[in-house]
Amino acid sequence: MTSKMSLMVPKPLKQRYNSLCSDDELLDDDSGCYESVSVKVRPSSWNADLASISSSQNSVYLPSSGYISGSPPRDDWASADVPVMKMGWLDKNPPQGSLIYQRRWVKLDSEYLRYFDTEKDVYSKRIISTASITDVVIVGDQKFEVVTHNRTFLFRAESELERSEWVSALRSTVGVSRANACLDPEMKGYLELRGLRSKLYTVVCADKVFLYKNTEEYRLGIGITSIDMNVGNVKEIDRRAFDLTTPYRIFSFVADSDQLKDQWVESMRDSIAEALSNYEVAERIWAEPSNQMCADCSAAKPEWASINLTVVFCKRCAGEHRSLGPSISKVRSLKMDKKVWTEDLIQVFITVGNHRANQFWAANVPPSEELTLNSSSAERRRFITAKYREGKYRRYHPLFGNQRELNNALCINVQSSDVCETLALVFCGADVSCDTGDPDLTSPIALAQHHGQNLQVEFLTQNRNTELPRSEVKVNFDTVHYMAPPSITHNGFLFKTASMARPITEKKGKEEFSRRWCVLNDGNFSYYESDKNATPNGGLKMREIVCLAVNPAETHGYDHTFELYSDSERLYLFGTDNPETMREWVTSIAKSFIPAGVEDLLLKDFERIGRLRYKDRLNREMSRLGWFCLLGSNLHIRLEEHTADQIIDLQKLLELSIHPESDVLVLVERGRTLYIEGERKLDFQGWATAIQRAAGSSGDTLSQQQLTEADIPVIVERCIHFITQYGLTSEGIYRKSGVNSKIAALLEELRRDARCVWLKEGEHQVDDVSNVLKRFFRDVQEGVFGLEAHRWLSATGVSDESSRICQYRLLFSNLPRVNQATLRALVNHLYCVQRFADLNQMNLHNLAIVFGPTLFQADGKDYSAGRVIEDLIQHYVTIFNVNEQQLKKQLDEITYIIKLRDNLTPKPGSGSSGDFICTVYLEEKRETAEQHVKIPATMTAAELTFEVLDRRKISVKEKDYWCCFEVNEKEEIERPLHYQEKVLPIFHSLGTDSHLLVKKHFSMEAMLVYLASKVEVSKHGMMKFREERSLLGLGLSTGHFNDRYFILTSTSLRLYKEVRNLQKLQSPDLQCSNRPEREWPVKCLKVYQGIKKKLRPPTCWGLTVIYESEKQEKQEKQQWYLCCDTQNEMREWFSTFMSIQNGGRVWPAEWLKSRTVSRAAPLDARFGNVSLIPLRGSENEMRNSVAAFTADPLALFRNL
């Protein structure tokens, strides 16, 4: 038999499929493509038709829909950063041991060994990390094995030389210490690739995306392919799907959820940004060590910067910087915004650096507010807003607040190289565009250019339009918050209510409490369902607690309760029936959040303890941290600058007020004012309520009343002072009865808060006040003589006068401190009353009859009570050891007051009832320009003006428009009074910041010319409008100036927000058809010239308008501001207002003839060296004048 030998030739090939799977698994029908002899077969084209793709169970193919038609990919697709060491065709044997080899295009670089279907393919069938290769072994003719940790790949070269070159190249990568580039990926997990049955393990790492079959292969460093993201683009398709598009194909991924899809999209977009990045700028800026950490949260390698704030920050903080807006922070990338980074700008960042920048921006950051790497977006937003928009933590320049000096310092500093000082000056208010005073170099930028300071020029240029921090309050924080070591432990059962965000205003019953096992350990307070549970229901960190309050017994259903306030504005209420249990818990919790330096406060049986911010009178701009402890009526304070407690007796405060708009509690004591601020509204409300309650009358005894510094009840001091001023000459004082309803109401008001009640002549009657004082002494618990009152009464039985006086002195020395001070003040007052008995008819005996039964709270049947009072008054000097010189001075003062009132009180029939002494200034407010003028009720502004001019002998010419102005210094406004306007009502309405000023009205002539040329009475036009809703509120006003259209007619002022048809609106016949947004009657408006600067008006030509309604039952007061573009426009509006309000008579036709020819001789405003005292003056003004009188008592009487 003839043996027939045939050469095996390849069968007709089926179309090859481009697969994302290696040949480790059998491909569909691949075994039939080759026979025993390997034949070189050119692979199919990269864009071959894949419509007939089969569904091999173990293969993973790229879906046909992913290909992009067009020209083949470029040969230079590989990253230039990693050069190819070796590439060429190799035959690869599948791991199943088949004799069939598959032709593959193989590439080797220092990081990966890849093989592809063709040399034109971009995405490999398999990618093997060189770090995972352990050995390269020669195994036969032209064959070699690449050995990894758990797999072996068999290749065959075309020649021995080719094999030798591959083995040498591969062995050069073995053993080289090289970290897996994907061990720290940005994102990893399974994604579905549309068209495939199984999910792929996808890894986003730096500027590449890697695809693996599973997590095991990812761990071993053997993947399918990698995608370079420098040519990628990510597009969201639907709820869970998104496309990664490259010039070579589209990868359509599907995530497991919407949230995961968003994360994958963001991660891949970041990878694209990383791939497009240029590290040249970043590396140069990172050369400054402090720039290698985020300026806000300290994250490593920050890649973003604010080119005007000169700080470098991380990606997470960059998002919050963008939210500030470019007017505050100009955010740029260190890697992608290459055109922005000029050489000078890079040098600015190297020169300043995050460390030096934060010495300004973050000089006063409390540890509790610092950002960390794990801070949330809300925390970052809050911190970055406070740091840069508000300037809360900045280091304030010594010149802060002095605009002229700041600008001057800036002009000097830009001539040097100190950019850090320029930064501090600019962000503390220096004007980048201020006038330098040099006609050739008109701006700081020009100065810096002239002196060759390029970095200064760059910094100033970047901040030419920067919005400066808005905080107008200088805040100084503790640099160190020392917290007690969290070593305190305590546990036990407590009863707890649900946490609240509002103050507790009603009693909580036992049914509202739940029993909880509470544990305090390692600085954490946790509460559990029971002592058997391991998982807490909730808890608090001790550093979050800002206040601990102990409620009075039986405040709630459980007898003993305490409250915890957290800095997240939550209130936690706990209770128990065991006082010892509560005491242990309160002590343990307080020790856990109170700093060690103030632990001595815990020795007190406090009602409330915690931290608050405060200011004092000497440093109103700086807010500092203090620890406060409330005990009874005493507020113990450990302030920042003191190591010992300071104690404020709240019942002795001169003033206590709260400003709810700004959450400020004002405590005024003699020589000191303390402003307590609320950072958190909830605990501030608790403190304000507790302090106000402690500062009020806490009981019915004398010692429980609000007290003066001399330990006299405020109610007693107020009444005595009023009667001394206005009632010593009142006949029958203390004997006549007042109006009972008024007495009861006034006494109740004084008992509620005497500190806020000021007795005024005209509002209160002398007899009502005197009866209030008597009723108070009759009702006060234990009386002024205390429990030893009977011994005072028995002392009257001692016949020897000197012995009786000694007995009184002994009894007086045994009285409590407050009783002593009160009795001394009252007897002093009664002594003064009886010294003027010739006027008031209340001699020693009459006073004793009235006050004996009152002070001893007796029925008056026994005169022994009156006898005691008579002795105390008669022997006042001896019993109370009074300095007779001081007593004489006091009587002289009272005599002076009485004489003064007699001289200022009009005689019956004189027709001068209602005259007042008023201080008027000439041309400017200074002591030498003041005039004291007696103002009758009928005096007009023109008459007052001539009165003042006559006194100074100033001649008035025809064109001199002298006028009387009402000036308010606080509001920075003034108003010329109409010449026929009555002065006395104006004088009565003046506040403490206002005064009357006579000066020339330089705009009057221009106003008269304008009014003479007007045809219509009305006026209309655009003005900038801003409203201030509360005149009396002490908080900052809100709002901005907005353009509004105004129409002023003879009856009203109308405001329109939108004007669609100006011609129609301006037509008088059609005005009624357009409804205004606001409308006010002209007669209720008072118009002032000027606007206070703190409102930052857009122009300096403004009017301040005050509206007061005429309705008595509902008084309404509004204030708003109008800004005009020019001075002429403002003058026209103001003159129109005056003309309409005064019937067209703005100025008298014959000014000099309107002057009254004959006037009564002016009242001499001085008695000797002593100025007359305005009756509306304060107590201090009265005292100052009396002091001047005391220096020369005869000065008054020389002129009488």
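Residues numbered from 1 in each chain as written. Predicted model: local features only at pLDDT ≥ 70, side-chain atom pairs only at ≥ 80, totals over all residues. Heavy atoms only, no water.

Looking now at the nonpolar core. Tyr-734, Trp-792, Leu-823 and Leu-872 are the most contacted members of the largest nonpolar core, which totals 68 residues. The element that contributes the greatest number of residues to this core is helix 19 (residues 817–835), accounting for 10 residues. Ignoring anything within four residues of it in the chain, the contact list for Leu-872 reads Phe-785, Trp-792, Tyr-808, Leu-823, Val-827, Ile-879 and Phe-880. Within the second largest apolar cluster, 51 residues are counted, among which are Val-348, Ile-384, Tyr-388 and Leu-447. (Core = buried A, V, L, I, M, F, W, Y, C linked by side-chain atoms within 4.5 Å. Buried < 20%, exposed > 50% of the residue type's maximum accessible area, 1.4 Å probe, protein only. Helix = DSSP H or I, 4+ residues; strand = E, 2+ residues; numbered from the N terminus. Contact = heavy atoms within 4.5 Å.)

It is worth spelling out helix 11 (residues 454–462) at this point. Buried within helix 11 are the following residues: Gln-456, Val-457, Glu-458, Phe-459, Leu-460 and Gln-462. In this structure, the buried residues of helix 11 make contact with helix 6 (343–361), helix 8 (403–413), helix 9 (419–426) and helix 10 (444–450).

A few words on the side chain of Arg-975. In this structure, Arg-975 sits in strand 36 (residues 973–976). Looking at Arg-975, the relative accessible area reads 8%, which means it is buried. A distance of 3.1 Å separates polar atoms of two side chains, one belonging to Arg-975 and the other to Glu-981. In this structure Arg-975 touches Cys-964, Phe-965, Glu-966, Glu-981, Ile-986, Lys-1086, Val-1087 and Tyr-1088, once residues within four positions along its chain are discounted. (Polar contact = N/O pair within 3.5 Å; in protein donor to acceptor, adjacent residues only side chain to side chain.)

All chains considered together, the criterion is met by 41 aromatic pairs. Summarising the aromatic geometry, the rings of Phe-427 and Phe-459 are spaced 6.4 Å apart at their centres and angled 75 degrees between planes, so their arrangement reads as edge-to-face. Placement of the pair is Phe-427 in the loop between helix 9 and helix 10 and Phe-459 in helix 11, with a sequence separation of 32 residues. Of the two residues, Phe-427 and Phe-459, both sit in the buried class. Plain terms: the ring middles of Trp-792 and Tyr-808 are 5.8 Å apart, the flat faces sit at 20 degrees to each other, and that makes the pair stacked. Here Trp-792 is found in helix 17 (residues 789–794), whereas its partner Tyr-808 is found in helix 18 (residues 801–813), with 16 residues between them in sequence. Taken as a pair, Trp-792 and Tyr-808 share a single burial class, namely buried. In textbook terms, an aromatic cluster arises when at least three aromatic residues are bridged by ring pairs, as seen for Tyr-112, Tyr-190, Tyr-201, Phe-210, Tyr-212 and Tyr-218. Of note, Lys-510 hangs over the ring of Tyr-558, and the distance from its end group to the ring centre comes to 4.9 Å. Here the guanidinium or amino end of Arg-515 rests over the ring plane of Phe-493, the centre of that ring lying 3.5 Å away. (Phe/Tyr/Trp six-rings, centres within 6.5 Å; stacked < 30°, edge-to-face > 60°. Lys NZ or Arg CZ within 6 Å of the ring centre and 35° of its normal.)

Here we take up the pairing of strand 44 (residues 1117–1124). Within strand 44, 7 of the 8 residues are buried, which leaves the element mostly enclosed by the surrounding structure. When strand 38 (residues 1019–1028) meets strand 44, the two strands line up antiparallel, connected through 5 bridges. Bridging from a neighbouring strand, Glu-1028 pairs with Gln-1119 of strand 44. In this structure, strand 43 (residues 1101–1108) lies alongside strand 44, joined through 8 bridges in antiparallel fashion. Note that in strand 44 the partner of Ile-1106 across the bridge is Gln-1119. (Pairing = 2+ DSSP bridges.)

A few words now on the pairing of strand 6 (residues 143–148). When strand 5 (residues 133–140) meets strand 6, the two strands line up antiparallel, connected through 6 bridges. Counterpart to Val-137 in the pairing with strand 6 is Glu-145. Counting the residues that bridge the hairpin from strand 5 to strand 6 gives 2 residues, and of these Gln-142 lies at a positive phi of roughly 60 degrees. Sheet topology note: the strand 6/strand 7 (residues 152–156) ladder contains 5 bridges and is antiparallel. For Lys-143, the partnering residue across the bridge sits in strand 7 and is Arg-156. Once strand 6 ends, the chain turns through 3 residues before running back antiparallel as strand 7.

Where helix 4 (residues 279–286) is concerned, the buried positions are Val-281, Ala-282, Ile-285 and Trp-286. Angular distribution of buried residues about the axis of helix 4 spans 125 degrees; they occupy a single face of the element. On its buried face, helix 4 sits against strand 17 (311–313) and helix 6. (Arc of directions from axis to C-beta.)

Orientation of helix 6 relative to helix 9, taken along the N-to-C sense of each, is 35 degrees, at an axis distance of 10 Å. In this structure, helix 6 crosses over helix 9, and the sense of that crossing is right-handed. Where helix 6 abuts helix 9, its residues Val-352, Arg-356, Phe-360 and Trp-361 lie against Val-419, Cys-420, Leu-423 and Ala-424. Looking at the contact of helix 6 with helix 9 residue by residue, the class counts come to 7 nonpolar, no polar and 1 charged. (Axes fitted to C-alpha atoms, helices over the stretch in contact; angles between N-to-C directions. Left-handed = near helix turned anticlockwise from the far one by under 90°. Nonpolar A, V, L, I, M, F, W, Y, C, P; charged D, E, K, R; others polar.)

Our focus in this paragraph is the sheet that holds strand 18 (residues 331–333). With respect to topology, 3 strands assemble into an open sheet ordered 17-16-18, the strand pairing being antiparallel. In the strand order of this sheet, the two ends are held by strand 17 and strand 18, each with one partner. Sheet twist, expressed as the mean angle between neighbouring strand axes with direction ignored, is 30 degrees. Bridging between strand 16 (residues 304–306) and strand 18 involves 3 bridges; their strand directions are antiparallel. Following the sheet pairing, Ser-306 is matched in strand 18 by Val-331. Against the sheet, helix 6 engages strand 16 and strand 17, with an angle of about 85 degrees to strand 17.

This paragraph deals with unusual backbone geometry. Positioned with a positive phi, Glu-554 is a non-glycine residue whose angle comes to about 65 degrees. You can see Glu-554 is positioned in the loop between strand 23 (545–550) and strand 24 (560–566). Here Glu-554 falls in the exposed class, since its relative accessible area comes to 56%. In the Ramachandran plot, Tyr-734 falls in the positive-phi region, its phi being about 75 degrees despite a non-glycine side chain. Relative to the assigned elements, Tyr-734 resides in the loop between helix 14 (714–726) and helix 15 (740–753). Accessibility expressed as a relative area gives 0% for Tyr-734, which makes it buried.

Okay, the sheet that holds strand 12 (residues 225–228) next. Spatial strand order, 12-10-9-8-15-14-13: 7 strands in an open sheet with antiparallel pairing. The strands lining the two open edges of the sheet, one partner per strand, are strand 12 and strand 13 (233–236). Averaged over neighbouring strand pairs, the angle between their axes works out to 35 degrees when direction is ignored. Strand direction decides the pairing type here: strand 14 (residues 241–245) and strand 15 (residues 250–254), joined by 5 bridges, are antiparallel. Note on strand 15: the bridge partner recorded for Ala-241 is Val-254. Packed on one face of the sheet, helix 3 (residues 258–275) meets strand 8 (187–193), strand 9 (200–205), strand 10 (208–212), strand 13, strand 14 and strand 15 and runs near 160 degrees to strand 13.

Two numbers describe how helix 27 (residues 1004–1013) lies on helix 29 (residues 1127–1141): the axes approach to 10 Å, and their chain directions differ by 75 degrees. Relative to helix 29, the element helix 27 lies roughly perpendicular. Taken together, the residues of helix 29 that come into contact with helix 27 (itself represented by Ala-1006, Met-1007, Tyr-1010 and Leu-1011) are Arg-1131, Glu-1132, Phe-1134, Ser-1135, Thr-1136, Met-1138 and Ser-1139. Taken together, the residues that form the contact of helix 27 with helix 29 break down as 6 nonpolar, 3 polar and 2 charged. (Parallel < 35°, antiparallel > 145°, perpendicular 65-115°, else oblique.)

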